[in-house]
Structure formats: C-alpha cells, structure tokens
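# Residue-level structure breakdown
Residues per chain, in single letters:
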Amino acid sequence: MADTFIAKAEALETGQRFLASISGTEVVVFGHKGRVFAYENRCLHQGGPVGEGMILGRVVAVLDAEKRLLREEFSETEDQLICPWHGWAYSLETGDCAGLRGARLRKFEVVTEKGDVYVRTRD
Amino acid sequence: MEHLGETNLVREMAVGKREGFNSREHLRNAQLQAEARGYEDVLIVDVDAHHYENQYFGEIFKYIEDPVLRHLALQREGNPANILFTAPNNQFNAGRLLRYGGIPHEAAEGKEHPETTRSRRQREAIGINYQVVFPTPMLALGMHPDPQIETALAWAYTRWWTEEVLPQDNSVKSMVYLPFFDVDASIRMVETFGEMPGVIGFMVTSTRYAAVHDNKYMRLYAMLEERGMPLGFHAAFNQQERLFEGMNRFISVHSLGFVLNTLIHATNMIINGIPERFPNLKLLFIESGLAWIPFLMQRLDNEYLMRSNEAPLLKKLPSQYLAENFYYSSQPLESGNMEALELTMKMINAKSQLLYSSDYPHWDFDLPSVIWDLPFLDNQSKRNILGLNSLEVFPKLKAEVLGKMKNG
C-alpha cells in the first residue's frame, strides 16, 4: 500500500484540480460538493483528458403516468464527469460510462489525514 | 506528484475560462498517444480538418467582388446571419466540449495568423504531417436560397485563404470550395486557384439538391480529370431539410444528415456512369464515415441485376465502382462493432481507398489511433490509410513529399 500526497484539503475545496503521476498512470484528483474523487485522466473513448471535463447533473426524462414526455431536467442526485474532447459521460460516483454498459473509468481510493489528501494505491 | 501550475488548473478550464486557451494543451493526451505509438516515422495526412472561417469574416468579406453583396456583408461582419444560411446547431454539446468556447480566444504566436498558430499546435499534438482544412459554416451554403451568395463567398473565402493564410504554413493544404450551383463560376475557381501553392484539390459541399450527373457538370469533371486533381464531396447536415422536420435532436439529424446527400450523390454518380465517362477522375467522399457504403453496395447491386437497362453505361456491379473508383475519408469511424468494421474495410478496399481524416476541431473528431489501433489491419494497411493513400489521390502533395525526401 502506498499513499501519494496530492494537496491540502482546503485547496481541493476551492475547486482546484490536481494531476498526479502514480506508477505511470496520470490521476486527476478534485473535490465536488464536499467530497474528493480520483480517476485515471484518460477517457475510455479516444484517451481524452476526462479530468478536465465539466461536471454536470445527468439529464433525465420525466414521463407522466401515460408515458408522455413532460420535460427533461438535471438530476440532483447523480452528477457526471464529461470528457471535454467528445462528450463521453461518466458517473461521478462510480466512473461508470453513461452510454456503454460495463465500461468504467479507473477509480482510485482517496484518504484525508490531518487536512492532507492522498491517493492510496495497493499492490 | 505533479501539481499543475496556475495556467494549467483544470478547474479553470472546466468552468469555461477562455483566455489563454491553447490547442496544444487541450490535446496533450493526443500528443502522449502519438509518442507512445511512434508516429514520428509514419506519414500522417489528415484529409479533413476545419476552421471556423466566420471568426475571420472581417478579413474575408473585403474580397467579395459584387459591390452590393460586399456592402451587405460588411454591415454586420460580426454577425454573419445576414449572409449565411444558418439553422439551430448544437455542435458544442451544450457547452460540454470545452474547446468550442476556447478556440475563438486562442492567441496567435508572434506575427502569424491565429489560424496558423492554432493549426500548427493541433497538428503537432496529434502527430499530423499534412492537413487539408475546410471551412465550417460555409458548408451549408449549398442550401442558400440565393446562389449568388455561394459564388461570392467561395471566391472571397478562397482569396483570403490562399493569399493571407496558406502561404504561412506548407503543412496546411486546401481543396478549393467550388460553388457547384454555378458551373461557370466553378470552372473559374479551378482555373484561378488550381495552380496556387497549397491547393491540392477541389471540394463541393454535399448538402444540396444538385444532380451530380447533370450534363452541365461534364466540362468541370473533364477539366479536373485532365488536371489529375481530386474532387471531394464534403458532407454536412441541414436541420431544415424537409425529411428531418420530425427530428427534434441534433444527434438524430446529424446521424442521418451526414450520409443522406452522400448516398444520393454516390448513387447518381454510379448509376449514370460517371466513373465510366471519367475513369481517371478521382472522387472523394468526405465525412460520412464508412457504414453507409456496404448498405449502398448491397442495395444497388440487388436492383442493378434486375434493371441494368436503367444504367447502360455500367460495365461492372455498382459495388465494384464503390470499392474501386471512389475514395473515402475515415471520420467518423463507426467502430462499435469490430466485426462489422473489419468487413466494411474489406468491402471498400480500405487498403487503397481509405484516407485518414480527423475532422478536428469538430465535436466528433478522430485521432490517428482509431486506425493505428485496429487489430485486424496489417502495418502496411495502416500506413496506407494514415498517409500513403493520400499521396495517390493528391499528386501535388505527392510531388511535394517526394521532393522533401529527395532533399533530405
């Protein structure tokens, strides 16, 4: 097990994102709504810098009882990380690809100790 | 650990900060791909990239010859809606694709034109040696209700492009926009610009109702065949196409729109025997992907065998013309089903007929890795598609590349 220091927690709270090279893998670390996430910074599509992307609520369709479309809205519970190259979208929580079942961004464990944020990797 | 400096803070990019946008930084992962795959000894020719010429209408409109049209255009140069054919558009995926907000703010290096800076940065990051660059909003001009606008803008744009920008960078090439509605004007474009440095072919925007087999075009085809310069049909989409009136989403119109006119033009070319009439005319279908070709091959072959009397000029099956007489640009490469893609590439003789294209910076661009990483292609096929086939299609480019090699 190894911990790689990323930044002070308060830096992440300001919205800054950080890149770390961990065993040859580029990992993006960022905070969102009080939590910290770490993913490999490589989109599963064509390798885009997914960690630079916009975070936006998943678009959901709202149907009525007769299955008529009433409206579309942004989910308040499910955010997505969206690759800025082509728009592939991933669940911020899990890294699951929105459009391709079974595809998932590589997620890294994040630990915070005494105000310092680390990415933890295990052999 | 690497902490990105102030200028590289990803968060700043993500929230839409536009000043300081740099195409090279945006494509840093592409550069890593290129280095990992060793493209330095691979010739990569991108036969379809773009710029947003509407950013430079202030420089372009002065070349409009007609004084009345020039006056009209110059009144609102920052808002081209008074002269272009425009429609709702969501290329930028509702802001999700960050370069759309950044590119217009990308600063030039030194005294060079901003397009030269942007083009070099993205070309070098991706690993491209030569790149054919096309306009973007002008791709819709084939639908303009006033054909004089297409003729006037084709002329003005090409003067600006060939006189002010192309001379700054030998790696950028042009297939000159032909105002296809007006054959005489198209011929004038060929005669005027055909020999200019950087011009390696000609282009017709596919989104139009023209019958490409009309007798009026035979002079033009003969002229291009004699010059050995290719004619490309560049696809686009038309949100206002009557067939698409029931389509409410960009994805729907784009998916069908980019192949609709290509299907029509290719069918008319084949059934009316254009490849037989002009066997050395090089025709290139640009930006329709590949999936439409096996579909058309099967449809046309099936019907041709029952109605060969309606296509008396043909000497082989329609599918054979599609596999032997036409060239195709690769993007957007439909790669969701590798078995289908492998079969498609066999059916179209990709090893000799397919040319890599990026379409950068548009929303669905492809990197060279979409070809390089295909498991079923041999090394020679990959090199052909990425660059060597282009040398056969563009003799002027071939002469330039061979000249460079000769001179070390």
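Residues numbered from 1 in each chain as written. Chains lettered and ligands numbered in written order. Predicted model: local features only at pLDDT ≥ 70, side-chain atom pairs only at ≥ 80, totals over all residues.

### Some details on the overall build of chain A
Worth spelling out the cut-off: Helix and strand labels come from DSSP, where a helix needs a run of H or I of at least four residues and a strand needs a run of E of at least two; each type is numbered from the N terminus.
Along its length, chain A carries one helix and nine strands. Each helix (α) and strand (β) of chain A, taken in turn from the N terminus, gives the series β-α-β-β-β-β-β-β-β-β. Each of the three principal axes of chain A carries a C-alpha extent, and together these read 55 × 30 × 25 Å.

### Looking at helix α18 (residues 379–393) of chain B
All names here are of chain B. The condition that has to hold: A helix is expected to span 1.5 Å for every residue after the first. To get the bend at a given residue, fit one axis to the seven residues ending there, fit another to the seven starting there, and take the angle between those axes. With C-beta atoms placed from the backbone, a residue is labelled by how many other C-beta atoms lie within 10 Å of its own: buried for 20 or more, exposed for 12 or fewer, partly exposed between the two.
Compared with the 21 Å implied by 1.5 Å per residue over 15 residues, the 20 Å span of α18 between its first and last C-alpha is a close match. Maximal helix bending in α18 amounts to about 60°, located at Ile385. Along α18, the positions that sit buried rather than exposed are Asn384, Ile385, Leu386, Gly387, Leu388, Asn389, Ser390 and Val393.

### So, the confidence of the model for chain B
All names here are of chain B. Here is the rule we go by: On a range of 0 to 100, pLDDT expresses the predictor's confidence in each residue. We call two residues in contact if the C-beta atoms placed from their backbones are at most 7 Å apart.
Overall, the predicted model of chain B reaches an average pLDDT of 93, with 94% of residues at or above 70. Here residues 1–16 is a poorly scored stretch, pLDDT under 50, and it has 32 contacts once near neighbours within four places are set aside; other chains count. The ipTM assigned to the predicted complex is 0.89, against a pTM of 0.93.

### Here's the deal with the sheet that holds strand β2 (residues 17–22) of chain A
Residue and element names in this part refer to chain A. Definition in use: At least two bridges found by DSSP between two strands are what make those strands a pair. Each axis is a line fitted through C-alpha atoms, taken for helices only over the stretch in contact, and angles between the N-to-C directions span 0 to 180 degrees.
What the three strands build is an open sheet, ordered β2-β3-β4; its pairing is antiparallel. Each edge of the open sheet carries a strand with a single partner, namely β2 and β4 (35–40). Sheet twist, expressed as the average angle between the axes of neighbouring strands with direction ignored, equals 25°. Inspection of the sheet shows β2 paired to strand β3 (residues 25–32) by six bridges, in the antiparallel sense. When the sheet's bridge partners are listed, Leu19 is paired in β3 with Val28.

### Structural notes on the sheet that holds strand β5 (residues 54–63) of chain A
All names here are of chain A. With antiparallel pairing, three strands are arranged side by side in an open sheet as β5-β6-β7. Of all strands in the sheet, those bounded by a partner on one side alone are β5 and β7 (89–91). Taken pair by pair, the neighbouring strands of this sheet meet at an average axis angle of 50°, ignoring direction. Inspection of the sheet shows β5 paired to strand β6 (residues 69–82) by nine bridges, in the antiparallel sense. Each residue of the ladder has a partner; that of Val60, found in β6, is Glu73.

### Looking at the nonpolar core
For clarity, the threshold we go by: For this entry, the nonpolar core is defined as buried Ala, Val, Leu, Ile, Met, Phe, Trp, Tyr and Cys residues connected by C-beta atoms within 7 Å.
Counting 100 residues, the largest nonpolar core has Val176, Leu178 and Tyr328 of chain B as its most contacted members. Among the elements that take part in this core, helix α8 (residues 147–165) of chain B stands out by supplying nine residues, more than any other. Setting aside its immediate chain neighbours within four residues, Val176 of chain B contacts Thr158, Met189, Phe193, Val199, Phe202 and Met203 of chain B. Counting 29 residues, the second largest nonpolar core, distinct from the first, contains Ala20, Phe37, Met54 and Phe108 of chain A.

### Considering the interface of chain B and chain A
Put simply, the rule is: Under the grouping applied here, Gly and all other residues not named as nonpolar or charged are polar, the nonpolar ones being Ala, Val, Leu, Ile, Met, Phe, Trp, Tyr, Cys and Pro and the charged ones Asp, Glu, Lys and Arg.
With 22 residues of chain B at the contact, the number on the chain A side is 26 residues. If one sorts the elements of the side of chain B that touches chain A by residue count, helix α1 (residues 10–14) of chain B sits on top with four residues. Classifying every residue of the side of chain B that touches chain A gives 11 nonpolar, six polar and five charged.

### A look at the pairing of strand β7 (residues 326–329) of chain B
Residue and element names in this part refer to chain B. Residue alternation in β7 divides its side chains into two sets, Phe326 and Tyr328 and Tyr327 and Ser329, and both sets are buried. Relative to β7, strand β6 (residues 283–286) runs parallel, the two being bridged by three bridges. Opposite Leu284, over in β7, you have Tyr327 as the bridge partner. As judged from the two bridges shared by β7 and strand β8 (residues 354–355), these two strands associate in the parallel manner. Each residue of the ladder has a partner; that of Ser329, found in β8, is Leu355.

### A look at the environment of Glu106 of chain B
All names here are of chain B. Checked against the element boundaries, Glu106 lands in the loop between α6 (99–102) and α7 (114–126). Put simply, Glu106 and Gly20 are 86 residues apart on the chain and 6.4 Å apart in space, counted from C-alpha to C-alpha. Ignoring any residue separated from it by four or fewer positions in sequence, one finds Glu106 in contact with Phe21, Asn22, Ser23, Pro114, Thr117 and Arg118.

### A look at the packing of α8 of chain B against helix α9 (residues 183–193) of chain B
Residues and elements named next belong to chain B. Here is the rule: Any angle that is under 35 degrees is reported as roughly parallel, and any over 145 degrees as roughly antiparallel; angles of 65 to 115 degrees are reported as roughly perpendicular and all others as oblique.
One can describe the packing of α8 onto α9 by two numbers: an axis separation of 11 Å at closest approach and a directional angle of 10°. One finds that α8 runs roughly parallel with respect to α9. Note on element contacts: α9 touches α8 through Ala185, Met189 and Phe193, opposite Thr151, Ala154, Thr158 and Thr162. Classifying every residue of the contact of α8 with α9 gives four nonpolar, three polar and no charged.

### Focus on the environment of Pro179 of chain B
All names here are of chain B. Position of Pro179 among the secondary structure elements: in the loop between β3 (172–177) and α9. Each C-alpha atom of the pair Pro179 and Gly95 lies 33 Å from the other, and the pair is 84 residues apart in sequence. Contacts of Pro179, omitting those with residues within four sequence positions, involve Glu150, Thr151, Ala154, Ala185 and Ser186.

### Considerations on the pairing of strand β1 (residues 45–50) of chain B
All names here are of chain B. Of all six residues making up β1, six are buried, and the element is well covered by its neighbours. Alignment of β1 against strand β2 (residues 130–134), held across four bridges, turns out to be parallel. Residue pairing for β2: His50 is matched across the bridge by Phe134.

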